Amino acid sequence: LAWEQEWWLASEQDNRLLRSSCFRNSVERRKVEFVIFEMIGRCASPRWLFRSRVVKSRERKYPRLVGYGLGMVMVGVLCHVPAVFERRTVARLATFRSRGRELLTHGRSSSAGGVISSSSTCLQHASGPRSRAMMTGVKSTQQDTQAQIIDGKALASQIRDRVKSGVDELQKNHGIRPGLAVILVGNRVDSQTYVKFKKKAAGEVGIASYECILEEDATEDAIREAIEEFSEDERVHAILVQLPLPAHVDTDAILQMIPPDKDVDGFSALNVGDLWLNSRKISNSLSSGTTAASTGTGDLIMTRPLVLPCTAAGVIQMLHSLKVPLQGKEAVVVGRSRIVGMPVAGLLQGMDCTVTTVHSKTLNLEQYIRRADIVVAAIGKPEFIKADWLKPGAIVIDVGINQKPDNSSQRGYRLVGDVEFQSASQVCSAISPVPGGVGPMTVAMLLQNALNLARNSIGLHPLPMFYDPTA
């Protein structure tokens, strides 16, 4: 240690660095880092390497650079195998090893001070739980690094139970049974499956369901007539047009035909405008913990807009269930659709997040995702977002549902999201699975919207849109 101190103080360049502001506060730590890595490199390398003319120098800098670089490479290699099973370290150790190789290659032209400066950055890139355990001897367990799985099925089940209780109360006290009407245009298999599932879910909570099935070549006038018929039917409180519509149909025009007080999807211009203008009320309710006195369940009050887009509402409910403060967090919404991307961005902005919306045309998209505390993936590409794109500790809500070929499955495919789940779950702090995440929540929020529209039709206050499931 005395020799190390003498070598440092003897160098004029190091004295200049000591006086600079960037080294004034952390030079002692960096000196220790340099010495540790040099010792590792020297112990793990053959003696002749440091006795050769190529390495020797009167200033004794080159041997130290070589030892430092070899030490970095050795630590990176030793940490690589266990890091595969840990979060935060896989991508960082790759940077760690490449930096060590760079030092070995360019060691002659680098100054000792420059190498010491880079050591702090390299250690920051390798400061994950596994690398810290290797250096300190603390045992790191798999449980410490596994992300929390946001169980959409369990949360949706609680919401559906609440909706069922609300339907029973509405029938008992007011003699009204909520009615949901679905308009299906065409013969898409996936759309037919979704409609069947929604009707089944509605029946389970006591909501009456009605449907109108039109041919693929149905005109906009035929769709308008179906909407007008359901709009005038007093038994129907909520109308849903199953998307996507055939190419020859103007989707925007059709959605605007639905009366706002029966728009269960929340896609009408009035409901969308209410979402953006009143989204701050959601933030105030979530932050203040305001409760609904009528229910006594800790529900959070938010009365306008009357309904929210179902998937977007499900995403916010899942985030709220984590009990993590969202104010000031940086959120990135991947996708800009009117169904998910746009309303989610508006709701997150109303909850005091700093929101960035990226999409398929965004350049260097991964750079935006890497800095996000919250990632909502809704781009519709199977396993598009990689684990090394995610910020360690980020919260990931995967909205995508895609079919990926899988010969081991009886169906010949398996369902995956827009995020690589297995690897991402080792990096982020919480993630929603696919399936079993946002999908069940979308249906649950649809049922809640239908109940609220039925209550609104007779002048009753709607149920709170978000609530605390643990209250």
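Here, the structure is the one placed above.
The structure reproduced in this document is the subject of the present report. What you are looking at is a predicted structure, and each value in this text was computed from that prediction instead of being measured. (Residues numbered from 1 in each chain as written. Predicted model: local features only at pLDDT ≥ 70, side-chain atom pairs only at ≥ 80, totals over all residues. Heavy atoms only, no water.)

1. What about the environment of Gln403?
We apply this condition: Note on conventions: DSSP H or I runs of at least 4 residues are helices, E runs of at least 2 residues are strands, and numbering of each starts at the N terminus. Here, residues are in contact when the closest pair of their heavy atoms is within 4.5 Å.
By the secondary structure assignment, Gln403 is in strand E10 (residues 402-405). Taking the C-alpha atoms as reference, Gln403 lies 6.0 Å from Tyr413; in sequence the two are 10 residues apart. Sequence-distant contacts of Gln403, that is, excluding residues within four places in its chain, are made with Tyr413, Arg414 and Leu415.

2. Considerations on the side chain of Asp406
Put simply, the rule reads: Think of it in three bands: residues with accessible area under 20% of the maximum for their type are buried, residues over 50% are exposed, and the middle band is partly exposed, with areas taken using a 1.4 Å probe on protein chains only.
By the element assignment, Asp406 lies in the loop between E10 and strand E11 (413-416). Assessed through its relative accessible area of 18%, Asp406 is described here as buried. Other than its neighbours up to four places away in sequence, Asp406 contacts Gly412, Tyr413 and Arg414.

3. Some thoughts on the sheet that holds strand E8 (residues 374-377)
How we decide: Strand pairing is assigned whenever DSSP detects at least two bridges linking the two strands. Lines fitted to C-alpha atoms define the axes, with helix axes restricted to the stretch in contact, and inter-axis angles between N-to-C directions lie between 0 and 180 degrees.
Pairing is parallel in the open sheet, where 6 strands are placed in the order E1-E12-E9-E8-E6-E7. Looking at the sheet topology across the chains shown, the edges are occupied by strand E1 (148-149) and strand E7 (354-358). Here E1 runs beside strand E12 (residues 430-431); their pairing, made up of 2 bridges, is parallel. Within E12, the residue paired with Gln148 across the bridge is Ala430. Across the sheet, helix H16 (residues 310-321) touches E8 and strand E9 (395-398), and the angle it forms with E9 is around 150°.

4. Quick notes on a negative patch on the surface
Put simply, the rule is: Patches here are clusters of residues that have more than 30% relative accessible area and form no salt bridge, with a 9 Å joining cutoff for like charges and a 5 Å cutoff for nonpolar side chains (Val, Leu, Ile, Met, Phe, Trp, Tyr). For every accessible area listed, the method is Shrake-Rupley and the probe measures 1.4 Å; residues are considered covered only by the protein chains on display. A carboxyl oxygen of Asp or Glu within 4 Å of a side-chain nitrogen of Lys or Arg is what we treat as a salt bridge. Counted charges follow a simple rule, with Lys and Arg positive, Asp and Glu negative, and His plus the chain ends left uncounted. To locate a charge, take NZ of a lysine, CZ of an arginine, CG of an aspartate or CD of a glutamate.
A surface patch of like charges, here negative, comprises Glu225, Glu228, Glu229 and Glu232. As for its placement among the helices and strands, Glu228 is situated in helix H13 (residues 220-232).

5. Remarks on the environment of Ile339
With respect to the helices and strands, the residue Ile339 is situated in the loop between strand E6 (330-334) and helix H17 (341-350). Owing to a relative accessible area of 32%, Ile339 belongs among the partly exposed residues under this scheme. Distance in space between the C-alpha atoms of Ile339 and Thr311 is 7.2 Å, their sequence separation being 28 residues. If near-sequence neighbours (up to four positions away) are discounted, Ile339 is found in contact with Leu243, Phe267, Pro309, Thr311 and Ala312.

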